[in-house]
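The primary structure of each chain is shown beneath.
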Amino acid sequence: MNRNHSYSQKSDIPTHWYNIMADYPEFYVPHLDSTTHQPVNVHSLSNIFPELLAEQEINRKDVNIPIPPELLDYYAMWRPSPLIRARNLEKYLDTNCKIFYKYEGVSPIGSHKANSAIAQAYFSKKCGFTNVVAETGAGQWGSAMSMASSFFDLNCNVFMVKNSFDSKPQRRILMQTYGSKVHSSPSNLTEFGRQIRKNDPDSQGSLGIAIAEAVEYASSDRNTVYTLGSSMNFVCLHQTIIGNELKNQLNSLQITPNYIISCIGGGSSFAGICFPFLREKLERNRDLHFIAVESNAVPTVTKGIYTYDYGDTARLTPLSKMYTLGHEFSAPVIHSGGLRYHGLSPLVSKFIADGHAEARAYSQLDIYGAARLFAKLEGYVPAPESAHSVKAAIDVALENRNSGKTIVFCLTGHGFFDLAGYEKFNAGKMEDSESPDTNIHESLRKLAHTVRPETEKGAALPPQPPLNAGVQANDSFEAWWNRNFESQSPADSFQSGHTIGSAGASPKTACGREQDKGNPNLYNLLTESKVRELIDKGQKVAFLSKGCVITPLAGELIKSHGIEIKYA
């Protein structure tokens, strides 16, 4: 390693992604369809994601999946990311531990999110889509997807959590510079967003809400596909380029790590840097420890439960077994916007639940203190999310001061777009974060009524209607779901004066890819905006598939304008 403490060679760029589900089959815990509660397959996942990504999501056959050459050309724009030794930090801490960090902030958008964004844009284009939609918390995923969309000539819409939309205008401007349209979430563009705003006009949003809006938005247009920045298996797969590359670098330097650390929100960076090293621990009996670091304001692992839950607040996504605080959990406002997610990747959850890693939680003042120290000593200003890893690395180095252990952490991105937080911290005006125990308890109580404990014993989930999170029990939206998903049939429901629903339908099937190919005039989900399109065109008949769901506002328009419903 040269005198500037940094190591990076083009030959270290991996040519394959690592698929932990094929290497260790026990890690595969299937997503369940939110209506039938049966394991999802490629066909059902293709209702939301491009088919090529759906195939990656459940691939249990290929341990090493080749990275397409065109993607490698794009990766080479910034990869390999440097492996840097933090000698000044070691000296300051007076530890004989060796501290390294894998710096992902060298990507054009300044974070690791570009690794999966490039892949998702590529596969979306290959599957014939022209539009993509994404959610974003702190703005890193939205920035990454905006850049990737511009590379592959895709139109991109981003639903950005309101708290970050207001506090991080630079991220929003960056996305717009790439050509994306950015919407503050909850928004007025989706029915779900309008419901949230109606019930809580001051809502600061959450990743769960933004995901729900993005899914609904994609569902309303057959040429639009949803892209997700974390959590899903295929996102974790793409991020393993980090860990595979790190292995090449460490091997070149003849260094064996004892600790590998990364922050967790949805969990993709942790999966990316840690998964490729599991074999070293299990089969070569290496002294290797994995540490996942979260915010104490969103303590998904340290205070959540490991069970099936929905990935979004509106319950439009499949059920996934994961550590969760409950899909209705409203995360406190913190500067680490990328960690404000109620759940954790199913793969990372299984990894931790099986005892392969430990989880630690830190407060906002703790991580900003560590980040400022790191910046003063090493020069790089960490993103608030990355600062959690910095804090954990410092603690581990002090805990093992005289052991000579080797610590590697993932510095997922720079903090240049997060300087408002640093300004508050430097001025002594930043409030510390606390664990919202009362909110967690209430959210988990609600979850217990949504996803039954029997699933933990292997029994099938009972049918559960999707729930509009944030809507109170006496609200008409929830009443609508309960009424329609327990009704006899779509036609009977409508004739009796109710909005249409079906016990066999799920909002997540809204894209209706297979049926759209056969008959582009059929709807699987009829929303207010689609009904208004019919009205504007002067059409008096709507042709629906048998499992179609009509949202409440759409139902009101149908009745008030006398639109006839016909089923295929």
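Residues numbered from 1 in each chain as written. Predicted model: local features only at pLDDT ≥ 70, side-chain atom pairs only at ≥ 80, totals over all residues. Heavy atoms only, no water.

1. Regarding the overall build of the protein chain
Link 1 in the chain: From N to C terminus, the protein chain includes 24 helices and 18 strands.
Link 2 in the chain: In the protein chain, which comprises 568 residues, the proportion classed as buried is 63%.
Link 3 in the chain: Considering only contacts in the protein chain between residues 6 or more positions apart, those separated by 24 or more positions represent 75%.
Link 4 in the chain: For the protein chain, the exposed surface amounts to about 21,100 Å²; the carbon and sulfur share of it is 48%. (Helix = DSSP H or I, 4+ residues; strand = E, 2+ residues; numbered from the N terminus. Buried < 20%, exposed > 50% of the residue type's maximum accessible area, 1.4 Å probe, protein only. Contact = heavy atoms within 4.5 Å. Areas by Shrake-Rupley, 256 points an atom, 1.4 Å probe, with all protein chains shown as cover.)

2. Description of the sheet that holds strand S11 (residues 289-295)
Link 1 in the chain: Across the sheet, which stays open at both edges, the seven strands sit in the order S1-S4-S5-S15-S10-S11-S14 with mixed pairing between neighbours. Strands with a single pairing partner mark the edges of an open sheet, and in this sheet they are strand S1 (6-7) and strand S14 (357-362).
Link 2 in the chain: Alignment of strand S4 (residues 83-85) against strand S5 (residues 98-103), held across three bridges, turns out to be antiparallel. Across the sheet, residue Arg85 finds its bridge partner in S5, namely Phe100.
Link 3 in the chain: Contacts between helix H16 (residues 364-378) and the sheet are confined to S4, S5, S14 and strand S15 (406-411), with S14 contributing the most and set at about 95° to the helix. (Pairing = 2+ DSSP bridges. Axes fitted to C-alpha atoms, helices over the stretch in contact; angles between N-to-C directions.)

3. A short note on the pattern of salt bridges
Link 1 in the chain: Under the definition given, this model contains 19 salt bridges.
Link 2 in the chain: Lys405 is paired through a salt bridge with Asp287; the nearest N and O atoms lie 2.5 Å apart. Taken together, the positions of Lys405 in the loop between helix H17 (384-399) and S15 and Asp287 in the loop between helix H14 (278-282) and S11 put the pair 118 residues apart, joining distant regions of the chain.
Link 3 in the chain: The exposure class of Asp287 is partly exposed, given its relative accessible area of 34%.
Link 4 in the chain: Two residues, Lys391 and Asp395, come together in a salt bridge whose shortest N-O distance is 3.3 Å. Pair noted here: Lys391 and Asp395 are both in helix H17, with a separation of four residues, about one helical turn. With respect to burial, Lys391 and Asp395 carry one shared label: buried.
Link 5 in the chain: It is possible to trace a salt-bridge network through shared partners that takes in Arg79, Lys102, Glu104 and Glu245. (Salt bridge = Lys/Arg side-chain N within 4 Å of Asp/Glu carboxyl O.)

4. Some details on the environment of Arg279
Link 1 in the chain: With respect to the helices and strands, the residue Arg279 is situated in helix H14.
Link 2 in the chain: Taking C-alpha positions, Arg279 is 9.7 Å from Ile20, a pair spaced 259 residues apart along the chain.
Link 3 in the chain: Apart from the residues lying within four places of it in its own chain, the contact partners of Arg279 are Asp23, Tyr24 and Arg284.

5. Quick look at the packing of aromatic side chains
Link 1 in the chain: Going through the model one piece at a time under the given rule, you end up with 22 aromatic pairs.
Link 2 in the chain: Ring centres of Tyr74 and Phe151 lie 5.0 Å apart, and the angle between their planes is 20°; this geometry places the pair in the stacked category. Here the residue Tyr74 occupies a position in helix H4 (residues 69-75), and Phe151 occupies one in helix H7 (residues 140-151), the gap between them amounting to 77 residues.
Link 3 in the chain: Relative to Phe152, the ring of Tyr74 lies with its centre 5.2 Å away and its plane at 50°, an arrangement referred to as tilted. (Phe/Tyr/Trp six-rings, centres within 6.5 Å; stacked < 30°, edge-to-face > 60°.)

6. Some remarks on the side chain of Gln140
Link 1 in the chain: Following the sequence through the fold, Gln140 ends up in helix H7.
Link 2 in the chain: Leaving out residues up to four positions away in the same chain, Gln140 has contacts with Ile109, Ser111, Lys113, Arg171, Ala383 and Glu385.

7. Side note on the packing of H16 against helix H18 (residues 419-426)
Link 1 in the chain: Close contact between H16 and H18 brings their axes to 11 Å; oriented N to C, the two are set at 100°. Relative to H18, H16 is oriented roughly perpendicular. Residue-level contacts link Leu365, Tyr368, Gly369, Ala371 and Arg372 of H16 to Gly421, Tyr422, Phe425 and Asn426 of H18. (Parallel < 35°, antiparallel > 145°, perpendicular 65-115°, else oblique.)

8. So, empty space enclosed by the protein
Link 1 in the chain: One pass over the structure, following the stated rule, counts seven cavities of 30 Å³ or more.
Link 2 in the chain: Looking at the largest cavity, it is lined by 27 residues, and the ones nearest its centre are Lys113, Leu207, Ser230, Gly266 and Gly338.
Link 3 in the chain: For the lining of the largest cavity, the secondary-structure elements that each account for two or more residues are strand S6 (131-136), H7, helix H11 (207-219) and helix H13 (268-274).
Link 4 in the chain: Taken together, the residues of the lining of the largest cavity break down into nine nonpolar, 15 polar and three charged.
Link 5 in the chain: Roughly 170 Å³ of internal volume is contained in the second largest cavity.
Link 6 in the chain: Around the second largest cavity, the lining comprises 15 residues; the ones closest to its centre are Leu228, Met232, Gly311, Thr317 and Ser320.
Link 7 in the chain: Of the residues contributing to the lining of the second largest cavity, the split by class is 10 nonpolar, five polar and no charged. (1 Å grid on protein atoms, 1.4 Å probe; cavity = no way out; pocket = protein on both sides within 12 Å on 5 of 7 lines; lining within 4 Å. Points joined across faces, edges and corners; volume = space filled by probe spheres on them. Nonpolar A, V, L, I, M, F, W, Y, C, P; charged D, E, K, R; others polar.)

9. As for the sheet that holds strand S9 (residues 224-227)
Link 1 in the chain: Spatially, the four strands line up as an open sheet ordered S8-S7-S6-S9, and their pairing is parallel. Both outer strands of the open sheet, strand S8 (181-185) and S9, are each paired with one neighbouring strand and no more. Between one strand axis and the next, the sheet turns by 25° as a mean value, whatever way the strands run.
Link 2 in the chain: Pairing geometry for S6 and strand S7 (residues 155-161), over six bridges, is parallel. When the bridges of S7 are listed, Val133 appears paired with Asn157.

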